Amino acid sequence: MKYDIDEYREAVGCIVWDEDWDRILLVRRSPKETSCIGLWEVPGGKVEDYEGEPDDYRKDTADTELSEETGMVLPDWDYGDVHVDHDMMKIYSTIHYYQEKNQNPVLSEEHDAYVWITPEEIMNQHDNGQLWVSHHLLHFISKDSLQPGWGQMQLRLQDRTRN
């Protein structure tokens, strides 16, 4: 089957790592949302401005969504993986953010709770029916692509702290 991905919607998810780089931030959709109330997801949203290069508008969208949904502005980041979902006609990209010192989010009205959790805990709790998470996040965890760029980011942070 041939797909015309030019017609697909595009969204970006923000994978925010804690200072130990073993847990990520999940936020829960609040009752004020119109769909998927109670779903645990990473901060993020749809791309609305397609100006410039794809990497640029994806990063701009991620920065905006992260700030709006959590109050966080994190300077250390790296590009993540991309999930093309043909059933939903959606392209979902990830941007990884790394904290030097843990900070907790200040949630917008879109979300009513947050948790710091390891990818393994996400899968275990999902598999046991204890945690409802977005299928995009499950995709990245299941194909072990949640941490692309991790090694390069560690090297950059180490180089920066040495100088």
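Our structure's up above, just so we're on the same page.
A short note on the overall build of the protein
Within the protein, the regular secondary structure consists of 4 helices and 7 strands. Across the 163 residues that make up the protein, the buried fraction comes to 45%.

Details of the pattern of salt bridges
Summed over all chains, the structure comprises 7 salt bridges. We note a salt bridge from E41 to R29, for which the minimum N-O separation is 3.5 Å. With a gap of 12 residues between them, E41 in strand β3 (residues 40-41) and R29 in strand β2 (residues 24-29) connect regions that are remote in the sequence. With its nearest N and O atoms 2.7 Å apart, the salt bridge here joins D63 to K59. Of this pair, D63 and K59 both sit in helix α1 (residues 54-70), 4 residues apart, which is roughly one turn of that helix. Residue classification places D63 among the partly exposed positions, given a relative accessible area of 30%. Here K59 falls in the buried class, since its relative accessible area comes to 10%. One network of salt bridges, with partners in common, ties together R29, E33 and E41.

As for the nonpolar core
Ranked by internal contacts, the top residues of the largest apolar core, which has 19 residues, are I24, L26, V42, I122, L131, V133 and L137. Within the second largest apolar cluster, 14 residues are counted, among which are V12, C14, V47 and M72.

Overview of the environment of L66
Inspection of the secondary structure assignment puts L66 in helix α1. Along the sequence, L66 and G44 sit 22 residues apart, while their C-alpha atoms lie 6.4 Å from each other.

So, the layout of surface pockets
Size it by volume and the largest pocket reaches roughly 530 Å³. Surrounding the largest pocket, 23 residues form its lining, R29, E41, G45, K90 and Y92 being those nearest its centre. Contributions of two or more residues to the lining of the largest pocket are made by β1 (9-17), β4 (44-46), β6 (90-98) and α3 (135-142). The residue makeup of the lining of the largest pocket, split by class, is 8 nonpolar, 6 polar and 9 charged.

Concerning α3
When α3 is considered as a whole, its buried residues turn out to be H136, L137, L138, F140 and I141. The secondary structure elements touched by the buried residues of α3 are β1, β2, β5 (76-85), β6 and α2 (119-127).

Some words on a nonpolar patch on the surface
Among the surface-exposed residues, Y3, I5, V82 and V84 lie close enough to one another that they form a single nonpolar patch of about 310 Å² accessible area. Examined against the element boundaries, I5 turns out to sit in the segment before β1.

Observations concerning the packing of aromatic side chains
Tallied over the entire structure, the rule returns 4 aromatic pairs. Aromatic side chains Y50 and Y57 sit 5.0 Å apart centroid to centroid with 70 degrees between the ring planes, which places their arrangement in the edge-to-face category. Residue classification places Y50 among the partly exposed positions, given a relative accessible area of 41%. Classification of Y57 as buried rests on a relative accessible area of 9%. Geometrically, the ring pair formed by Y92 and F140 is tilted, given 6.2 Å between the ring centres and 35 degrees between the ring planes.

A closer look at the side chain of E65
Position of E65 among the secondary structure elements: in helix α1. It is K46 that comes nearest to the buried, bridge-free E65 among opposite-charge side chains, at 8.4 Å.

The rules behind the values
Residues numbered from 1 in each chain as written. Predicted model: local features only at pLDDT ≥ 70, side-chain atom pairs only at ≥ 80, totals over all residues. Heavy atoms only, no water. Helix = DSSP H or I, 4+ residues; strand = E, 2+ residues; numbered from the N terminus. Buried < 20%, exposed > 50% of the residue type's maximum accessible area, 1.4 Å probe, protein only. Salt bridge = Lys/Arg side-chain N within 4 Å of Asp/Glu carboxyl O. Core = buried A, V, L, I, M, F, W, Y, C linked by side-chain atoms within 4.5 Å. 1 Å grid on protein atoms, 1.4 Å probe; cavity = no way out; pocket = protein on both sides within 12 Å on 5 of 7 lines; lining within 4 Å. Points joined across faces, edges and corners; volume = space filled by probe spheres on them. Nonpolar A, V, L, I, M, F, W, Y, C, P; charged D, E, K, R; others polar. Contact = heavy atoms within 4.5 Å. Patch = residues over 30% accessible without salt bridge, like charges linked within 9 Å, V, L, I, M, F, W, Y side chains within 5 Å. Areas by Shrake-Rupley, 256 points an atom, 1.4 Å probe, with all protein chains shown as cover. Phe/Tyr/Trp six-rings, centres within 6.5 Å; stacked < 30°, edge-to-face > 60°. Lys, Arg positive; Asp, Glu negative; His and termini not counted.

Purely spatial values, then, with no claim about function.
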